[in-house]
Structure formats: C-alpha cells, structure tokens
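Residues per chain, in single letters:
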Amino acid sequence: MRYGQLVMGPAGSGKSTYCSTMQRHAADENKLLHIVNLDPAAEYFDYEPLVDIRELIHVDDAMEDDELKFGPNGGLIFCMEYLVENSKWLEEKLGDTDDDYILFDCPGQIELYTHMTVIRKLIEVLQTLDFRLCSVFLIDSQFMVDGAKFLSGTMAALGAMINLELPHVNVLSKMDLLSKSARKQLDNYLEPDPQSLVTEIGNDRWSKKYQKLTEALGSIVEDYSLVRFYPLNIKDEENIGDIQLTIDNIIQFGEEADVKTRDFCEEDEEEHDDT
Ligand SMILES: Nc1nc2c(ncn2[C@@H]2O[C@H](COP(=O)(O)OP(=O)(O)O)[C@@H](O)[C@H]2O)c(=O)[nH]1
Ligand SMILES: [Mg+2]
C-alpha cells in the first residue's frame, strides 16, 4: 500500500506552504514525506519536488501554442488532462516504493475540484498505483470570519467532497494571521449553529430575502455533520502534528504495522493457552 494526500483549494490558500510545513514536521520526527508538484502554473514553492508536472507540461506551453491558444484557466485544465492522458509518465516518475507517503500539491482552480472530472480521473490513476488517498481542502481562514463567507466556503468544501468521493479533511489555513477577535468569531462557527450564522449574515435585502435558504443550508450542514474544519497555525508544532495524525488515521497510515504486532501477540497468547 502507498499513502497520499491530495492538497487542494483556491489559489493562494496555502497549499504549497502546507506541503512544505508537513514535510518539515515529518522530517523532525524522522519520517519521510515526498511532495509532488501538480501545479503546471506554479511559480514558487520552497520544497524539492519528487516529481514536477512542469517537466511534462507547463501552462505556458498550452497558452503559447499557436493552435491551442488557451488562456490561463483553459491552459491549466488542458495541462491536467494531458497529465491524465500521459499517466505512464507519472507512474514511472513515482516509481513503486511500497509504504511511501506523498503529498500532491494541486493547482488552485476551484472548478477542478467542485465539478470537473479530471481530478477524479487522476485519483483513479493513483488508486491503480495502490495509493490510499485523502483529499485535504484548504481554505484561507481570513475569508471565513463572517457568516456569509463561512457558508460559501462550506459549500465549496462540500462540493469537492461530493465530487471527488475521497475521505476528506478541510483545513483552515493561515490561522497565525487572524486577530484575537477574528479567531473568536471563527471559533463560533467551528461548531456551526445555523441560527447564529443567520443572525450574522446581515440585514441587507438579499440576506432578508434568502434568510430561510441560509437557515436551511446551515441546518443541513449541522444536522448531518457534513463539514468539519481543522484550523491550522503553521507556527504551532502541536497543531501541525494533530492535523497530520488525523489524516494518517483516515488513510490508515502505519496501521498495518500495528495490526502485525497485535496478531503476533494474540498468537503468542494462544500458544500459551495450549500449553
Ligand atoms: N502567515 C502565513 N502565510 C501563509 C500561510 N500559508 C501560506 N501563506 C502565504 O500565502 C501565500 C500563498 O501561499 P502558497 O502556499 O503559495 O499558496 P498556494 O497557491 O495555495 O500554493 C504565500 O505568500 C505564503 O507565504 C500561513 O499558514 N501563514
Ligand atoms: Mg502553490
């Protein structure tokens, strides 16, 4: 079995920073995490990628091509489809190390996750390579400190969760940038109470007209525990460790080793009983 996180979310939400932070934290615990850059338009990241999609195709290739003539968005989607069509390239680059753990640093176009199929196809490719995957959906916490934005972020996260059909973790990034009062505000939403969201959302005409809709959305999210957010402050090592552990548990990383030990003990006891 191989293990992987698909790190996704809007542009600038902190995906590349998340990957390098997790890699550094794991290294401190003598664990090896690899990072694969899957963003064909990436300009900057501060890690050494195991594989870089830009070696296969760069978004500029699609935009500068005289026949294709894509803009930045179309170019990016073209690149992702090109990657899936050339999945042999990815397969060779990834090698076949058993029990390895890879973070896939994905592009920032939200439509890739919420309603397009190309990432689903990529997931299928990775699953045939024996990867057990979790999607990690990042949202900048600064955009989540008012009721309407919180609900809209929740819907985006829910869209990705339903579209990708993978175990899914939502992470609120950049918590270190929130003021104390903003942090407090956000804390109120982390255990969402639909009524408090509604009273937060304001009194303009739109909000009044759609108050029932807002209430209904809030209730659905709360009643079915559909969406949960994990705040991440990259300056807090304990917090980083907690999120890593949550995700490791979801993809059962390291569990096989535990099972082996337990089986061994039970056998031991049985042997003991027999004698
Ligand atoms: N203070 C702070 N800045 C962050 C954090 N995460 C990302 N950033 C900054 O936000 C910008 C975008 O981050 P990046 O990781 O490149 O986002 P991406 O487009 O989702 O890969 C960069 O300037 C980062 O330095 C964080 O947790 N705290
Ligand atoms: Mg990035």
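Please refer to the structure higher up on the page.
On a predicted model such as this, the values are computed, not experimentally measured, just so you know. (Residues numbered from 1 in each chain as written. Chains lettered and ligands numbered in written order. Predicted model: local features only at pLDDT ≥ 70, side-chain atom pairs only at ≥ 80, totals over all residues.)

S.K.: Would you take a moment to explain the overall build of the protein chain for this structure?
M.R.: On a plain count of helices and strands, the protein chain comes out with 13 helices and seven strands. Of all 275 residues assigned to the protein chain, the portion counted as buried reaches 35%. Expressed as a percentage of contacts within the protein chain between residues at least 6 apart in sequence, the contacts between residues at least 24 apart total 74%. (Helix = DSSP H or I, 4+ residues; strand = E, 2+ residues; numbered from the N terminus. Buried ≥ 20, exposed ≤ 12 C-beta atoms within 10 Å, placed from the backbone. Contact = placed C-beta atoms within 7 Å.)

S.K.: Is there a simple way to think about the site of ligand 1 in this case?
M.R.: What surrounds ligand 1 is a group of 13 residues, the closest being Gly 14, Lys 15, Ser 16, Thr 17 and Lys 174. Here the shell around ligand 1 is built from residues that sort into three nonpolar, seven polar and three charged. (Near = placed C-beta within 6 Å. Nonpolar A, V, L, I, M, F, W, Y, C, P; charged D, E, K, R; others polar.)

S.K.: Teacher, can you tell me more about helix H1 (residues 15-28) here?
M.R.: Within an α-helix, residues lying three or four positions from one another point in the same direction, as the helix has 3.6 residues per turn. Relative to the 20 Å expected for 14 residues at 1.5 Å per residue, H1 spans 20 Å between its end C-alpha atoms, a close match to the ideal helical length. Among the residues of H1, Lys 15, Ser 16, Tyr 18, Cys 19, Thr 21, Met 22 and Gln 23 are the ones counted as buried. Residues of H1 that are buried in the fold lie against strand S1 (2-8), strand S2 (34-37), strand S4 (101-105), strand S5 (131-140), strand S6 (168-173) and helix H12 (237-250). Among the residues trailing H1, Asn 30 stands out with phi positive, at a value near 60°. (Expected span 1.5 Å × (residues − 1).)

S.K.: Quick question: what am I supposed to make of the nonpolar core here?
M.R.: Proteins that are soluble and globular tend to have nonpolar side chains buried together. The biggest cluster of nonpolar side chains holds 62 residues, and the ones touching the most others in it are Val 7 and Val 136. For this core, the element with the most residues is S5, which contributes seven residues. (Core = buried A, V, L, I, M, F, W, Y, C linked by C-beta atoms within 7 Å.)

S.K.: How should the packing of H1 against H12 be read in this particular structure?
M.R.: Relative placement of two packed helices is described by the angle separating their axes and the distance separating the axes. Here H1 crosses H12 at 95°, and the two axes come no closer than 10 Å. By the angle between their axes, H1 is roughly perpendicular relative to H12. Here H1 contributes Thr 21, Met 22 and His 25 to the contact with H12, which in turn contributes Glu 237, Ile 240, Gly 241 and Gln 244. Along the lines of polarity and charge, the residues of the contact of H1 with H12 split into two nonpolar, four polar and one charged. (Axes fitted to C-alpha atoms, helices over the stretch in contact; angles between N-to-C directions. Parallel < 35°, antiparallel > 145°, perpendicular 65-115°, else oblique.)

S.K.: How should I be thinking about unusual backbone geometry in this particular structure?
M.R.: Comment: phi is negative for the bulk of residues other than glycine, and the bulk of peptide bonds are trans. Unusually for a residue other than glycine, Glu 165 sits at a positive phi of about 55°. In this model, Gln 252 sits at a positive phi of 60°, which is unusual for a non-glycine residue. Within the secondary structure layout, Gln 252 lies in the loop between H12 and helix H13 (255-274).

S.K.: Hey, could you run me through the packing of helix H3 (residues 72-85) against helix H6 (residues 118-128) in this one?
M.R.: It is the contact of H3 with H6, at a shortest axis distance of 10 Å, that shows an interaxial angle of 25°. With respect to their mutual orientation, H3 and H6 come out roughly parallel. The way H3 lies across H6 gives a crossing that is left-handed. When H3 is examined against H6, the residues Ile 77, Met 80, Glu 81, Leu 83 and Val 84 are found in contact with a partner set consisting of Val 118, Lys 121, Leu 122 and Val 125. Partitioning the contact of H3 with H6 into residue classes produces seven nonpolar, no polar and two charged. (Left-handed = near helix turned anticlockwise from the far one by under 90°.)

S.K.: So what exactly am I meant to see when it comes to the sheet that holds S4 here?
M.R.: Two pairing modes exist for strands in a sheet, parallel and antiparallel, and in both the strands are linked by backbone hydrogen bonds. Read across the sheet, seven strands follow the order S3-S2-S4-S1-S5-S6-S7 without closing on themselves; strand pairing throughout is parallel. A single partner strand is all that each edge strand has here, and the edge strands are strand S3 (51-52) and strand S7 (229-231). Where S1 meets S5, seven bridges bridge the pair, whose relative direction is parallel. Bridge pairing links Arg 2 to Phe 131 in S5. Packed on one face of the sheet, H1 meets S1, S2, S4, S5 and S6 and runs near 160° to S4. (Pairing = 2+ DSSP bridges.)

S.K.: I'm lost on the environment of His 34 in this one. Help?
M.R.: Relative to the elements of secondary structure, His 34 occurs in strand S2. When the 21 C-beta atoms within 10 Å are taken as the criterion, His 34 is described as buried.

S.K.: Hey, could you run me through the pairing of S4 in this one?
M.R.: Where a strand is regular, its side chains alternate between the two sheet faces. The element S4 is largely enclosed, with a buried count of five among its five residues. Neither face of S4 is exposed, since Tyr 101, Leu 103 and Asp 105 on one face and Ile 102 and Phe 104 on the opposite face are all buried. When S1 meets S4, the two strands line up parallel, connected through five bridges. Residue pairing across strands places Leu 6 opposite Phe 104, the latter belonging to S4. By the bridge criterion, four bridges tie S2 to S4 in an arrangement that is parallel. Bridged to His 34 within S4 is Ile 102.

Geometric descriptors of this kind do not, in isolation, establish any biological role.
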